[in-house]
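Chain by chain, the residues:
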Amino acid sequence: MYTNLAGADDAPAPAALDRLRRLDARAVRDSVTLVNRLAPGDLARPTPCAGWDLAALLAHLTAQHHGFAAAALGRGRDLTHWAVRPLGDDAGVAAMRYRLAAEDVLAAFATVSDPDRPFALPEFTTDRTFPAVQAVGFHLIDYVVHGWDLARSLDLRYDPDPELLAAALPIAHAVPDGAARLAPGSSFRPGLPAEADAGALDRILAMLGRSQEWRAPA
């Protein structure tokens with residue numbers, strides 16, 4: 001899905017990596033704030049991700065943290081790091097496991113100083129690696145969009161700060177649209193039209209197949 005994604009920041013690569021890493025941490029911590037609001041019974045809630053309840057979405061997000069952390073540490077080719085594992089039926093335990101995975105990926109990203117350090121991301125492709133500055137951008141867009149998924153599933157407010165949305169918008173624009181988004185387990189659905197005066201978050205969501213009209217069934 002991401003193999004054609006160009007760098008979204010025109011700054012020199014080291015500065016771009018520092019900025020994306022800082023903003024990615026903000027997106028991840030926003031998601032942790034939402035996950036900390038989980039209550040008993042919430043894991044069965046539907047989400048905007050077709051076919052995923054909140055337990056499945058949270059397991060996916062936890063696995064992605066583990067996979068990206070492994071990639072940052074040079075171990076991304078091992079698919080066991082990307083495996084999605086159930087987090088259990090206890091909302092408190094699931095939230096704890098998510099928090100630990102989130103801290104792991106942020107700590108792993110903090111070890112990367114070279115914006116060209118290769119990240120192996122086998123869930124995307126095994127034909128090539130990705131420079132760190134690009135890989136962190138991939139992680140950032142996932143957690144901006146899935147943060148909205150979490151918030152909408154839990155019926156909570158989601159209001160990322162403008163700097164984060166400004167960084168995410170060109171990345172979302174560069175994600176290829178097409179048949180791959182219809183594959184089982186795809187995080188993004190085919191793009192939707194956005195209103196001409198839509199704000200940055202609404203445009204990001206529309207480009208990645210989310211409708212602001214989505215509400216959990218009663």
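These lines cover the structure that appears in this document, whether it is placed above or below.

1. Examining a nonpolar patch on the surface
Point 1. On the surface, a nonpolar cluster with roughly 240 Å² of combined accessible area is contributed by Val93, Met96 and Leu100.
Point 2. As for its placement among the helices and strands, Met96 is situated in helix α3 (residues 91-110).
Point 3. The exposure class assigned to Met96 is partly exposed, which follows from its relative accessible area of 38%.

2. Thoughts on the packing of helix α2 (residues 54-72) against helix α4 (residues 132-154)
Point 1. Direction vectors running N to C along α2 and α4 enclose 160°, while the axes themselves pass 11 Å from each other. Taken together, the axis directions place α2 and α4 in an arrangement best described as roughly antiparallel. The chirality of how α2 crosses α4 is left-handed. Contacts from Leu54, Leu57, Leu58, His60, Leu61, Gln64, His65 and Phe68 in α2 reach Ala135, Phe138, His139, Asp142, Tyr143, His146, Asp149, Leu150, Ser153 and Leu154 in α4.
Point 2. Broken down by class, the residue content of the contact of α2 with α4 amounts to ten nonpolar, six polar and two charged.

3. Things to note about the pattern of salt bridges
Point 1. Evaluation of the coordinates by the stated rule reveals eight salt bridges.
Point 2. Put simply, Glu163 and Arg22 hold a salt bridge, and the shortest N to O gap is 2.9 Å. Of this pair, Glu163 sits in helix α5 (residues 162-174) while Arg22 sits in helix α1 (residues 13-35), and the two are 141 residues apart along the sequence.
Point 3. Given the relative accessible area of 29%, Glu163 is considered partly exposed.
Point 4. Note on Arg22: relative accessible area 39%, which makes it partly exposed.
Point 5. The residue Arg210 makes a salt bridge to Asp149 at a minimum N-O spacing of 2.6 Å.

4. A short note on the packing of aromatic side chains
Point 1. Counted according to the given criterion, the structure contains seven aromatic pairs.
Point 2. Where Phe124 meets Phe130, the ring centres are 6.5 Å apart and the plane angle is 80°; that geometry is what we call edge-to-face.
Point 3. On the basis of relative accessibility, which here comes to 18%, the residue Phe124 falls in the buried class.
Point 4. The buried category is assigned to Phe130, whose relative accessible area is 0%.
Point 5. Every member of this aromatic cluster is reached through a ring pair, and the members are Phe68, Trp82, Phe109, Phe119, Phe124, Phe130 and Phe138.

5. Structural notes on helix α6 (residues 200-207)
Point 1. Along α6, the positions that sit buried rather than exposed are Leu201, Ile204, Leu205 and Ala206.
Point 2. At the C-terminal side of α6, Gly209 shows a positive phi close to 85°.

6. Considerations on the layout of surface pockets
Point 1. There is about 180 Å³ of room inside the second largest pocket.
Point 2. Around the second largest pocket, the lining residues are Leu192, Pro193, Ala194, Glu195, Ala198, Asp202, Ala206, Arg210, Ser211, Gln212 and Glu213.
Point 3. Of the residues belonging to the lining of the second largest pocket, the class tally is five nonpolar, two polar and four charged.

7. A look at unusual backbone geometry
Point 1. A positive phi angle, close to 60°, is found at Asp155, a residue other than glycine.
Point 2. Tracing the backbone through its elements, the reader meets Asp155 in the loop between α4 and α5.

How each quantity is defined
- Residues numbered from 1 in each chain as written.
- Predicted model: local features only at pLDDT ≥ 70, side-chain atom pairs only at ≥ 80, totals over all residues.
- Heavy atoms only, no water.
- Patch = residues over 30% accessible without salt bridge, like charges linked within 9 Å, V, L, I, M, F, W, Y side chains within 5 Å.
- Areas by Shrake-Rupley, 256 points an atom, 1.4 Å probe, with all protein chains shown as cover.
- Salt bridge = Lys/Arg side-chain N within 4 Å of Asp/Glu carboxyl O.
- Helix = DSSP H or I, 4+ residues; strand = E, 2+ residues; numbered from the N terminus.
- Buried < 20%, exposed > 50% of the residue type's maximum accessible area, 1.4 Å probe, protein only.
- Axes fitted to C-alpha atoms, helices over the stretch in contact; angles between N-to-C directions.
- Parallel < 35°, antiparallel > 145°, perpendicular 65-115°, else oblique.
- Left-handed = near helix turned anticlockwise from the far one by under 90°.
- Contact = heavy atoms within 4.5 Å.
- Nonpolar A, V, L, I, M, F, W, Y, C, P; charged D, E, K, R; others polar.
- Phe/Tyr/Trp six-rings, centres within 6.5 Å; stacked < 30°, edge-to-face > 60°.
- 1 Å grid on protein atoms, 1.4 Å probe; cavity = no way out; pocket = protein on both sides within 12 Å on 5 of 7 lines; lining within 4 Å.
- Points joined across faces, edges and corners; volume = space filled by probe spheres on them.

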